[in-house]
Amino acid sequence: MMSSTGYLDSHLHLQKNLDNLLEGAKMGVQRMFCNATREADWQAVIDLAAGGGEIIPFLGIHPWFAETAGPGWEQRLMSLLQQNPAGIGEIGLDRRCRANFSRQQQLFLTQLQIASELRRPVVIHCVKAWGALLETLEQFAANKRLPPTMIHSYGGSIETLHRLLKAGCFISYTRRIMTEPKLQPCFLETPLDRLLLETDAGTQEAQTTGQEPAAIIGLYAWAAATRGIEQQEFNQRIWSNGEIFADTILPR
Ligand SMILES: [Zn+2]
């Protein structure tokens, strides 16, 4: 495969705003991990990825939409994954949302099991449910069943960060690290070979803060300067981390 490196946006939702895609591509964002959030947008994500470029699809049910999962969703997800090169995301646990938590846990576990079985990478969302998340991830890691796993938009503690790293997870940060001092120690503690950067574009929150894919470039500049690493070398390191995810999805 061609080893072109550039800017990777490790988490966004292009299916919600196509203009984002065009703008990102124009600005030189070479690769984007595009995440579904519920069954209703699986096909849109597959279609976007099929349109060429470097859009890598992730299919899954987000904890916010846990209660929208209809009978047979597991089989439908499984068969789409068997027919399409795609990872699994965005999945996870969120104690701040209204969806029933045990339903969230059920869905999360099932999707993680599917990922493990099919050896597809996983993108995880977690809010105020770190204990439950760690318990599951550590179990999978202990049994050597954890596929490449990314914790997206990381916002937990340093202690949690260390346990996630020990389990083998990659940690992805948004532009929040530029303005929220509590996140900076975590960013600095994340080894370069486990670090990813994202806009989370396409979410409502991201739209109001002007986070389109092109905003990734400013985040890379800030991150490289903060880590004291030359920009090109920094980009290359993050790109390689992304390849661990992309390589298990993209046909060779
Ligand atoms: Zn997201």
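Residues numbered from 1 in each chain as written. Predicted model: local features only at pLDDT ≥ 70, side-chain atom pairs only at ≥ 80, totals over all residues. Heavy atoms only, no water.

Draft legend 1. Examining the packing of aromatic side chains more closely. Scanning all chains against the criterion turns up nine aromatic pairs. Geometrically, the ring pair formed by Y154 and Y173 is edge-to-face, given 6.2 Å between the ring centres and 85 degrees between the ring planes. With Y154 in the loop between β6 (149-151) and α6 (158-167) and Y173 in strand β7 (residues 170-173), this pair connects stretches of sequence that are 19 residues apart. Among the aromatic residues, those joined into a ring-pair cluster are W130, Y154, Y173, F187 and W222. Positioned above the aromatic ring of F65 is the side chain of R38, whose terminal nitrogen or guanidinium carbon lies 4.0 Å from the ring centre. When the ring centre of F101 is taken as origin, the NZ or CZ atom of R95, which lies over that ring, is 3.9 Å away. (Phe/Tyr/Trp six-rings, centres within 6.5 Å; stacked < 30°, edge-to-face > 60°. Helix = DSSP H or I, 4+ residues; strand = E, 2+ residues; numbered from the N terminus. Lys NZ or Arg CZ within 6 Å of the ring centre and 35° of its normal.)

Draft legend 2. Inspection of the side chain of H62 at higher detail. Topologically, H62 is positioned in the loop between β3 (55-59) and α3 (73-83). The contact partners of H62, leaving out residues within four places of it in the chain, are T37, E90 and H125. (Contact = heavy atoms within 4.5 Å.)

Draft legend 3. Quick look at the side chain of S10. Relative to the assigned elements, S10 resides in strand β1 (residues 7-12). Taking the relative accessible area as the measure of exposure, S10 reaches 0% and is therefore buried. Among the polar contacts listed, one links the side chain of S10 to the side chain of S172, at a separation of 2.8 Å. (Buried < 20%, exposed > 50% of the residue type's maximum accessible area, 1.4 Å probe, protein only. Polar contact = N/O pair within 3.5 Å; in protein donor to acceptor, adjacent residues only side chain to side chain.)

Draft legend 4. Representation of the sheet that holds β7 in the model. In space, the eight strands of this open sheet follow the order β1-β2-β3-β4-β5-β6-β7-β8, with parallel pairing throughout. Single-partner strands in this sheet number two, and they are β1 and β8 (195-197). Geometrically, the sheet is characterised by an average inter-axis angle of 25 degrees between neighbouring strands, direction not taken into account. Two elements, β3 and strand β4 (residues 87-94), share two bridges in a ladder whose sense is parallel. Within β4, the residue paired with L59 across the bridge is I88. The strands that helix α11 (residues 231-246) touches are β1, β2 (29-35), β3, β5 (122-127), β6, β7 and β8; relative to β8, the one it contacts most, it runs at about 95 degrees. (Pairing = 2+ DSSP bridges. Axes fitted to C-alpha atoms, helices over the stretch in contact; angles between N-to-C directions.)

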